[in-house]
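Overview (structure and organization)
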Amino acid sequence: MKLRVDRITDESTESTFSVPADELNQRLETGATHEFRLAAPLDVDVRYYRAGEEIYFDGSCSTVMEGTCARCLETFTLPLAAPFEFVLTHAPKLEHAQELHTDDLSLSFYEGDEIDLGPLVGEQAILALPTRAVCREECKGLCPSCGVNRNEQTCACKPAPADPRLAVLANAKVRSAS
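Right, let's walk through the structure included here. (Residues numbered from 1 in each chain as written. Predicted model: local features only at pLDDT ≥ 70, side-chain atom pairs only at ≥ 80, totals over all residues. Heavy atoms only, no water.)

We now examine the overall build of the chain. Tallying secondary structure elements over the chain gives two helices and eight strands in all. If you list the helices and strands of the chain from N to C, you get β-β-α-β-β-β-β-β-β-α. For the chain, with 178 residues in total, the buried portion stands at 28%. Within the chain, contacts between residues at least 6 apart in sequence are counted, and of these 62% link residues at least 24 apart. For the chain, the accessible area works out to roughly 12,700 Å², and carbon and sulfur atoms hold 50% of it. (Helix = DSSP H or I, 4+ residues; strand = E, 2+ residues; numbered from the N terminus. Buried < 20%, exposed > 50% of the residue type's maximum accessible area, 1.4 Å probe, protein only. Contact = heavy atoms within 4.5 Å. Areas by Shrake-Rupley, 256 points an atom, 1.4 Å probe, with all protein chains shown as cover.)

Before going further, it helps to examine the packing of helix H1 (residues 21-30) against helix H2 (residues 117-127). Contact pair H1 / H2: the axes reach a minimum separation of 11 Å and the direction vectors enclose 55°. Relative to H2, H1 is oriented oblique. When the axes of H1 and H2 are compared, the crossing they make is right-handed. Facing Leu 24, Arg 27 and Leu 28 of H1, the residues of H2 in contact are Pro 119, Gly 122, Glu 123 and Ile 126. Across the contact of H1 with H2, the residue classes tally to four nonpolar, one polar and two charged. (Axes fitted to C-alpha atoms, helices over the stretch in contact; angles between N-to-C directions. Parallel < 35°, antiparallel > 145°, perpendicular 65-115°, else oblique. Left-handed = near helix turned anticlockwise from the far one by under 90°. Nonpolar A, V, L, I, M, F, W, Y, C, P; charged D, E, K, R; others polar.)

Time to look at unusual backbone geometry. Even without being a glycine, Leu 73 presents a positive backbone phi close to 65°. Relative to the elements of secondary structure, Leu 73 occurs in the loop between strand S5 (54-68) and strand S6 (75-90). Leu 73 gets classed as exposed once you look at its relative accessible area, which sits at 55%.

The next point concerns the pattern of salt bridges. If charged atoms from side chains of opposite charge come close, those side chains can pair. According to the stated counting rule, one finds six salt bridges in the structure shown. The residue Arg 37 makes a salt bridge to Glu 66 at a minimum N-O spacing of 3.8 Å. Of this pair, Arg 37 sits in strand S3 (residues 36-38) while Glu 66 sits in strand S5; the two residues are 29 residues apart in sequence, bridging distant segments of the chain. Residue Arg 37 is classed as partly exposed on the basis of its relative accessible area of 40%. For Glu 138, the salt bridge goes to Arg 136, with nearest N and O atoms at 3.9 Å. (Salt bridge = Lys/Arg side-chain N within 4 Å of Asp/Glu carboxyl O.)

With that out of the way, let us pick up the side chain of Arg 50. With respect to the helices and strands, the residue Arg 50 is situated in strand S4 (residues 42-51). Buried within the structure, Arg 50 lacks any salt-bridge partner; Glu 53 is the closest side chain of opposite charge, at an N-O distance of 4.6 Å. Within the structure, Arg 50 has its side chain in polar contact with the backbone oxygen of Val 5 (distance 2.7 Å). Polar contacts involving the side chain of Arg 50 include one to the main-chain carbonyl oxygen of Gly 52, which spans 2.9 Å. (Lys, Arg positive; Asp, Glu negative; His and termini not counted. Polar contact = N/O pair within 3.5 Å; in protein donor to acceptor, adjacent residues only side chain to side chain.)

Moving on, we get to a nonpolar patch on the surface. Nonpolar side chains collect at one region of the surface, where Leu 166, Val 168 and Leu 169 lie side by side and expose about 330 Å² of accessible area between them. Assignment of secondary structure puts Val 168 in the segment after H2. (Patch = residues over 30% accessible without salt bridge, like charges linked within 9 Å, V, L, I, M, F, W, Y side chains within 5 Å.)

On to the state of the cysteines. Per the stated rule, a full pass over the model turns up zero disulfides. Unpaired in this structure, Cys 146 has its nearest cysteine sulfur neighbour in Cys 157, at a distance of 3.7 Å. We classify Cys 146 as partly exposed; its relative accessible area is 45%. (Disulfide = S-S within 2.5 Å.)

The next point concerns the nonpolar core. Burial of nonpolar side chains together is a common tendency in soluble globular proteins. By size, the foremost hydrophobic cluster in this structure holds 35 residues, and its most contacted members are Leu 42, Val 44, Val 46, Phe 57, Cys 61, Ile 115 and Leu 117. Of all elements in the fold, only strand S2 (13-19), H1, S3, S4, S5, S6 and H2 reach the threshold of two or more residues within this core. The element best represented in this core is S6, accounting for six residues. With residues near it in sequence (within four places) discarded, Leu 117 still touches Met 1, Leu 3, Phe 17, Val 46, Phe 57 and Phe 86. (Core = buried A, V, L, I, M, F, W, Y, C linked by side-chain atoms within 4.5 Å.)

Quick look at the structure:
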């Protein structure tokens, strides 16, 4: 959804739209979160208004994600619902390189006559994803020896022997700090 900057007023406006799944999946495939993909479009409810040069956005986005479990490598689905809010301000014209200050890092800028909300809200959805793709918290994963999925069957492999360099820690006593 593209918004014309000159049509955004100081009165709050509400809108709903969808971002196509393939648009965000391309971003996910090339980024660090390649173990997730959208199984459905990203549905967005947004409210926005203008205050001077700053444009305020808040709302929520939701979809169904597909992930590949980092422990057992099985595919799973994950409902995603994420609230968001961000502020855009008109990009300053820089004539030469300028040092950024800490306050500048929280700002986002827009340029031109239009703001495309699709990529901005898509970024908010990506930020709401879990840091590690796990099908369920109690997932047992794969056996490191034979590769069997421990959620589905038990293997007969013996646990790997402990590292002999760590043997001295087996008898260590922990004192409580008091």
